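# A closer look at the structure
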Amino acid sequence: MAAPGVVVELAPAKVNLCLHVTGRRPDGYHRLDTVVAFAELGDTVSGDTVSVEPAVDGIFLRVSSGLMPVGKGMTAPVVPAAVDNLVWRAAALWGREAGELRAVRLTVDKRLPAGAGLGGGSSDAAAALRALSRLTGRPLGARLRRNTVGLGADVPMCLEPRPWRARGIGERLQPVALGRDLPVVLVWPGRAVATPAVFRARSGGFGPAVPERVLEHLATDPLSALAELRNDLTGAACAVEPAIAEAIAAVGGLDGCRLARMSGSGSAVFGLFDDGAAATVAAAALQDRRPGWWVRAGVLRAAGIDTRLERRPVAPLTA
Ligand SMILES: C[C@@](CO)(OP(=O)(O)O)[C@H](O)COP(=O)(O)OP(=O)(O)OC[C@H]1O[C@@H](n2ccc(N)nc2=O)[C@H](O)[C@@H]1O
Ligand SMILES: Nc1ncnc2c1ncn2[C@@H]1O[C@H](COP(=O)(O)OP(=O)(O)O)[C@@H](O)[C@H]1O
């Protein structure tokens with residue numbers, strides 16, 4: 001093990017800038033073509049360990065949801081506290097693939113709404129793996145990276161939070177050049193939707209992939225390029241949860257908003273702005289009008305996110 005200490009990783013919010021449903025695999029999973037970017041806000045996952053003997057074998061997981069929005073009328077899935085938590089499952093995967101874990105304590109602070117299409121659980125799992133890699137001094141091997149798709153389709157892209165085009169069910173990753181940072185307002189209308197329900201509610205055929213011409217255009221004029229793309233799950237998600245349509249209309253009507261769209265399978269919606277100050281003002285105005293919604297201003301980083309939040313010494317773990 002590396003020197004004892006604590007590492008804190010940001011688990012940034014994932015935003016599907018577009019999501020095209022292009023087909024269906026024999027196992028029922030839908031083939032997607034999506035461009036994602038990550039916002040500089042999210043959950044945090046901290047990990048600590050000790051090298052002093054005797055160490056305690058095993059994984060300790062603590063989930064704090066104190067920062068997650070829970071308000072009157074909101075519906076959000078319960079974030080599992082133990083073995084069903086994606087952080088736990090990520091640590092178990094690490095144990096199988098990269099070696100035994102001794103006295104590792106992982107703490108998740110939820111700040112992102114769960115089941116919102118912002119990939120919080122996937123981002124937490126990826127952050128846990130980065131934390132374990134830093135704590136143990138062992139790199140994330142290629143096989144481990146590949147196998148993270150078994151935790152969730154979005155986990156591979158969350159390992160390195162930067163703009164990606166993802167195909168297949170999310171595992172075929174290709175870096176994308178986003179011309180500049182994009183100020184964003186993220187809005188969750190207080191109602192979660194379950195991903196399987198949205199795919200089930202989808203009707204109609206499949207759409208075309210993201211044209212190469214538009215991908216190239218993202219590097220020069222991302223907002224105009226994105227206007228040519230779509231989220232094919234929007235209609236189905238709005239049928240399951242009408243509050244999403246309300247949120248898209250509200251975000252689209254904010255001063256300075258250039259594009260409003262749903263992320264992933266919903267229910268979160270994002271608005272893109274030219275200007276960070278306008279995004280902050282618009283977010284505050286919307287939060288005032290809709291106190292029951294979760295509204296945040298942030299930035300989608302073209303260069304990706306530096307997820308290392310801090311590193312400081314910590315007292316040894318006791319049994
Ligand atoms: C839709 C996306 C887009 O980024 O994100 P979210 O909205 O969840 O953040 C992802 O593909 C979410 O992938 P993943 O996290 O693995 O989805 P899960 O919730 O495990 O999937 C639940 C169910 O949804 C359906 N499903 C999911 C993904 C996919 N490409 N095709 C599907 O048909 C399947 O019925 C699956 O059993
Ligand atoms: N660490 C975690 N954070 C959030 N949800 C989790 C976590 N671990 C497991 N889950 C489960 O994963 C599901 C999807 O959560 P999340 O990733 O936040 O949503 P989405 O897939 O819509 O982006 C939730 O129903 C929740 O019960």
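Procedures and definitions
- Residues numbered from 1 in each chain as written.
- Chains lettered and ligands numbered in written order.
- Predicted model: local features only at pLDDT ≥ 70, side-chain atom pairs only at ≥ 80, totals over all residues.
- Heavy atoms only, no water.
- Core = buried A, V, L, I, M, F, W, Y, C linked by side-chain atoms within 4.5 Å.
- Buried < 20%, exposed > 50% of the residue type's maximum accessible area, 1.4 Å probe, protein only.
- Helix = DSSP H or I, 4+ residues; strand = E, 2+ residues; numbered from the N terminus.
- Domains from an automatic or database assignment.
- Contact = heavy atoms within 4.5 Å.
- Near = heavy atom within 4 Å.
- Polar contact = N/O pair within 3.5 Å; in protein donor to acceptor, adjacent residues only side chain to side chain.
- Areas by Shrake-Rupley, 256 points an atom, 1.4 Å probe, with all protein chains shown as cover.
- Nonpolar A, V, L, I, M, F, W, Y, C, P; charged D, E, K, R; others polar.
- pLDDT = per-residue confidence, 0-100.
- Salt bridge = Lys/Arg side-chain N within 4 Å of Asp/Glu carboxyl O.

Okay, the nonpolar core next. Counting residues in hydrophobic clusters, the biggest one holds 32 residues, and the most contacted among them are Leu-17, Leu-186, Leu-272 and Leu-300. At the level of secondary structure, the elements contributing two or more residues to this core comprise β1 (5–24), β2 (30–49), β7 (182–188), α6 (212–217), α7 (222–227), β9 (269–273) and β10 (294–300). There are two domains that each give this core at least three residues, and those are domain 1 (7–174) and domain 2 (177–300). Not counting chain neighbours up to four residues away, the residues in contact with Leu-186 comprise Ala-13, Val-15, Ala-39, Leu-41, Leu-118, Val-269, Phe-270, Trp-294, Val-295 and Arg-296.

With that out of the way, let us pick up the site of ligand 2. In the vicinity of ligand 2, 18 residues are found, and the nearest of them are Lys-110, Gly-117, Gly-119, Gly-121 and Asp-124. One of the backbone nitrogen or oxygen atoms of Ala-116 is found 3.3 Å away from an oxygen atom of ligand 2. Backbone polar atom of Gly-117 to an oxygen atom of ligand 2: 2.9 Å apart, as the coordinates give it. Within the complex, the protein chains bury 80% of what would otherwise be the 540 Å² of accessible surface of ligand 2. For the shell around ligand 2, the element with the most residues is helix α2 (residues 120–136), which contributes four residues. Tallied by class, residues from the shell around ligand 2 come to eight nonpolar, seven polar and three charged.

The next thing to look at is the confidence of the model for the chain. Of the residues in the chain, 87% have a pLDDT of 70 or more, and the chain-wide mean is 89. Across residues 51–57, where pLDDT falls below 50, the model places 14 contacts with residues more than four positions away in sequence or in other chains. Predicted confidence is poor over residues 313–319, with pLDDT under 50, and the contacts of this stretch with residues over four places away or in other chains come to 14 contacts. Here the complex is predicted with pTM 0.93, and the ipTM for its interfaces comes to 0.97.

It is worth spelling out the pattern of salt bridges at this point. Applying the stated criterion across every chain, the model contains 17 salt bridges. The shortest N-O distance in the salt bridge between Arg-165 and Glu-212 comes to 3.1 Å. You can see Arg-165 sitting in strand β5 (residues 164–168) and its partner Glu-212 sitting in helix α6, a full 47 residues away along the chain. Look at Arg-165 and you get buried, because its relative accessible area is 2%.

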